[in-house]
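# Architecture and fold: a report
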Amino acid sequence: MRLKVRLTIRADVGESNRSVTVQQRVPIEFHVQWKQCVDCNREFTNRTWHAVVQLRQKRRDESKKALLLLESAIARNAEVRKHVLRADTSRNGFDFYFMELMHAQAFASYLSSVYPMKIKTAQKLVSEDRRNNTANVKTTTVCDMVPLNRYDLIVCDKRAAKDGCGPGRLNGRMCLVEKVSSTLQLVDASPSRTNLQDCFADLYPEKYWKGEKHFRIVFSEKRLVRFVVMDVELCHGGSGGNNEYEYDDGDDFHKNGNGKYALADVEVARESDLGVSEETFHCITHLGNLLEIGDVVLGYDLVSAVLAGADEWSMKNAFNSNFNVPDIVLVKKVKGGGAGSSSQQETAETEKMEKKEKSKSSS
């Protein structure tokens, strides 16, 4: 639809005594486009979807590691994603749309089995028919993932026990997120030499969200440093490397996959300091059965780490009196890595480049 309007514009130009009146007729054409309001548009397009699952994880470092983990889990499970109508990306996650509410609930239940999260549901009435006693309701299910990733180094505040949200025996200590599933498995960053089972504890998502302020990330996986193992000695005797020591722990402890670990005193050195400095560090780790002399292991260097003054003060007040901050926290062994493996790769690459340059110059 178009509307044509002719306007007459008149103006006085010049000084007040010698002003000149200028007049002109200007035609104007308006294009009218009909559009529904937001509520009507929502009401008449209700056949597209009835339920949406909003998956979110909010971290300060904006890491997408957990979201990629869930994305790969959904891609491997065709039965779970077969009812998804559409998937949209957002800043902190994904939006999955479904035609039926039961499919959205089953999808959210599957997500909670892969990663710890809290689930909230909200409904909005779009339209209703009181004569036929029917209504059009759209349901939004929000899945807030716990903002902790695997291999994060965190501080569990000692005051969490008062609120009933502490991780048991690891309350008031520095912990490492060792495994992520429907719950978080934590391991003590500075374990004692006595019992391996006391180094592990589970953190349930209900407890985390109840005392979210008591759990703080110190370092994420981006801050991992490469170390070379100089010496390994199991705390229960024996030398390092694939030592098959049997612990008298509970059956549940071994069912969780923790039987492969062993406490050990390890001497490590930074890989970057080899040939430059003779500085070494001693630490107690749960990776005793997995490490051998000459292996490359990733860990957090708390000796050279610099924290803000307020952060350091809050960390000291969060620990128990019997906890000592370790110098090095070993996280995982580098597969197929040995001392100098990275330097060997660099030298091999430089040799390849030199050969290519020689062949070009000769041609």
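The structure presented is a predicted model; accordingly, all values stated were derived computationally and were not measured. (Residues numbered from 1 in each chain as written. Predicted model: local features only at pLDDT ≥ 70, side-chain atom pairs only at ≥ 80, totals over all residues. Heavy atoms only, no water.)

### Brief notes about the sheet that holds strand S11 (residues 200–203)
Which entries qualify depends on this criterion: Paired strands are those between which DSSP finds at least two bridges. Each helix is a run of DSSP H or I of at least 4 residues and each strand a run of E of at least 2, with the numbering of both proceeding from the N terminus. Only the contacting stretch of a helix is used when fitting its axis, a line to C-alpha atoms as for every element, and angles between N-to-C directions run 0 to 180 degrees.
One open sheet holds the five strands; their spatial order is S11-S10-S9-S8-S12, and the pairing between them is antiparallel. Single-partner strands in this sheet number two, and they are S11 and strand S12 (215–219). With direction set aside, neighbouring strand axes in the sheet form an average angle of 40°.

### Focus: the packing of aromatic side chains
As a reminder, the rule being used: Two aromatic rings, drawn from Phe, Tyr or Trp (for Trp, its six-membered ring), form a pair once their centres lie within 6.5 Å of each other, and the interplanar angle then sorts them: stacked below 30 degrees, edge-to-face above 60, tilted otherwise. Only protein chains enter the area calculation, which uses a 1.4 Å probe; residues under 20% of their type maximum are buried, those over 50% are exposed, and those in between are partly exposed.
Within the structure shown, the criterion is met by nine aromatic pairs. Consider the rings of Phe-96 and Phe-107, whose centres lie 4.8 Å apart with planes at 55°: the pair is tilted. With Phe-96 in strand S5 (residues 93–98) and Phe-107 in helix H4 (residues 101–114), this pair connects stretches of sequence that are eleven residues apart. The exposure class assigned to Phe-96 is buried, which follows from its relative accessible area of 7%. On the basis of an interplanar angle of 80° and a centroid distance of 5.3 Å, the ring pair of Tyr-208 and Trp-209 is categorised as edge-to-face.

### Digging into the nonpolar core
Stated precisely, the cut-off is as follows: The definition of a nonpolar core used throughout is a set of buried Ala, Val, Leu, Ile, Met, Phe, Trp, Tyr and Cys residues joined through side-chain atoms within 4.5 Å. What makes two residues a contact is simply this: any of their non-hydrogen atoms within 4.5 Å.
Counting residues in hydrophobic clusters, the biggest one holds 41 residues, and the most contacted among them are Leu-153, Met-174, Val-266, Val-268, Leu-291, Tyr-300 and Leu-330. Ranked by the residues each element gives to this core, the list is headed by strand S17 (residues 328–338), at five residues. Ignoring sequence-local partners within four residues, the contact set of Val-268 consists of Phe-227, Val-228, Val-229, Met-230, Thr-280, Phe-281, Ile-328 and Leu-330. Counting residues in hydrophobic clusters, the runner-up holds 36 residues, among them Val-53, Phe-98, Leu-111 and Val-146.

### Some thoughts on unusual backbone geometry
A positive phi angle, near 55°, is found at Glu-62, a position not held by glycine. Note that Glu-62 resides in the loop between strand S3 (51–56) and helix H2 (65–76).

### Focus: the confidence of the model for the protein chain
Put simply, the test is: pLDDT expresses, on a scale from 0 to 100, how confident the predictor is about each individual residue.
Per-residue confidence for the protein chain gives a mean pLDDT of 83, with 82% of residues at or over 70. For the protein chain, the element scoring lowest by mean pLDDT is helix H6 (residues 251–255), at 51; S3 scores highest, at 95.

### Observations regarding the pattern of salt bridges
Here is the rule: Salt bridges, as used here, are contacts in which a Lys or Arg side-chain nitrogen is within 4 Å of a carboxyl oxygen on Asp or Glu.
Taken as a whole, this structure holds 18 salt bridges when the rule is applied. For Arg-91, the salt bridge goes to Glu-62, with nearest N and O atoms at 3.5 Å. Linking Arg-91 in the loop between strand S4 (86–89) and S5 with Glu-62 in the loop between S3 and H2, this pair joins segments that are 29 residues apart in sequence. Salt-bridge contacts for Arg-86 lead to Asp-88; the nearest nitrogen and oxygen are separated by 3.2 Å. Arg-86 sits in the partly exposed class, given a relative accessible area of 39%. The network of salt bridges with shared partners includes Arg-270, Asp-273, Glu-279 and Asp-301.

### Structural notes on the packing of H2 against H4
In plain terms, the rule: Every angle not falling under 35 degrees, over 145, or within 65 to 115 is termed oblique; those three ranges are roughly parallel, roughly antiparallel and roughly perpendicular. Left-handed describes a crossing whose near helix is turned anticlockwise from the far helix by less than a right angle; the clockwise case is right-handed. Each residue is assigned to one of three groups, with Ala, Val, Leu, Ile, Met, Phe, Trp, Tyr, Cys and Pro labelled nonpolar, Asp, Glu, Lys and Arg labelled charged, and all others, Gly among them, labelled polar.
Orientation of H2 relative to H4, taken along the N-to-C sense of each, is 125°, at an axis distance of 11 Å. Taken together, H2 and H4 sit at an angle that is classed as oblique. By crossing handedness, the relation of H2 to H4 is classed as right-handed. Side by side, H2 and H4 meet where Leu-70, Ala-73 and Ile-74 of the first sit next to Phe-107, Tyr-110, Leu-111 and Val-114 of the second. A breakdown of the residues in the contact of H2 with H4 according to their chemical character gives seven nonpolar, no polar and no charged.

### Observations concerning the side chain of Arg-56
To be explicit about the condition: Nitrogen and oxygen atoms within 3.5 Å of one another constitute a polar contact, given that in protein one can donate a hydrogen and the other can accept it, and given that sequence-neighbouring residues count only through two side-chain atoms.
By secondary structure assignment, the location of Arg-56 is in strand S3. Looking at Arg-56, its side chain comes within polar contact range of the main-chain oxygen of Phe-94, at 3.0 Å. If we ignore the near neighbours within four places in the chain, the residues touching Arg-56 are Ser-90, Asn-92, Gly-93, Phe-94, Asp-95, Cys-143, Asp-144 and Met-145.

### Some points on the pairing of S3
With five of six residues buried, S3 lies mostly within the body of the structure. As judged from the six bridges shared by S3 and S5, these two strands associate in the antiparallel manner. Among the inter-strand pairings, Leu-55 is bridged to a residue of S5, identified as Phe-94. Pairing between S3 and strand S7 (residues 134–145): six bridges, direction parallel. The partner of Ala-51 across the bridge, within S7, is Thr-139.

### Digging into the sheet that holds S7
Strand order in this open sheet of five strands is S4-S5-S3-S7-S6, and the pairing throughout is mixed. The open sheet terminates on both sides in strands that have one partner only, identified here as S4 and strand S6 (117–129). Strand-to-strand twist in this sheet, taken as the mean axis angle between neighbours without regard to direction, amounts to 15°. The pairing of S6 with S7 spans twelve bridges and is classified as antiparallel. Considered in S7, the bridge of Ser-127 is made with Asn-136. Against the sheet, H2 engages S3, S5, S6 and S7, with an angle of about 30° to S5. Each of S3, S5, S6 and S7 touches H4; the most contacted strand, S3, lies at about 20° to it.

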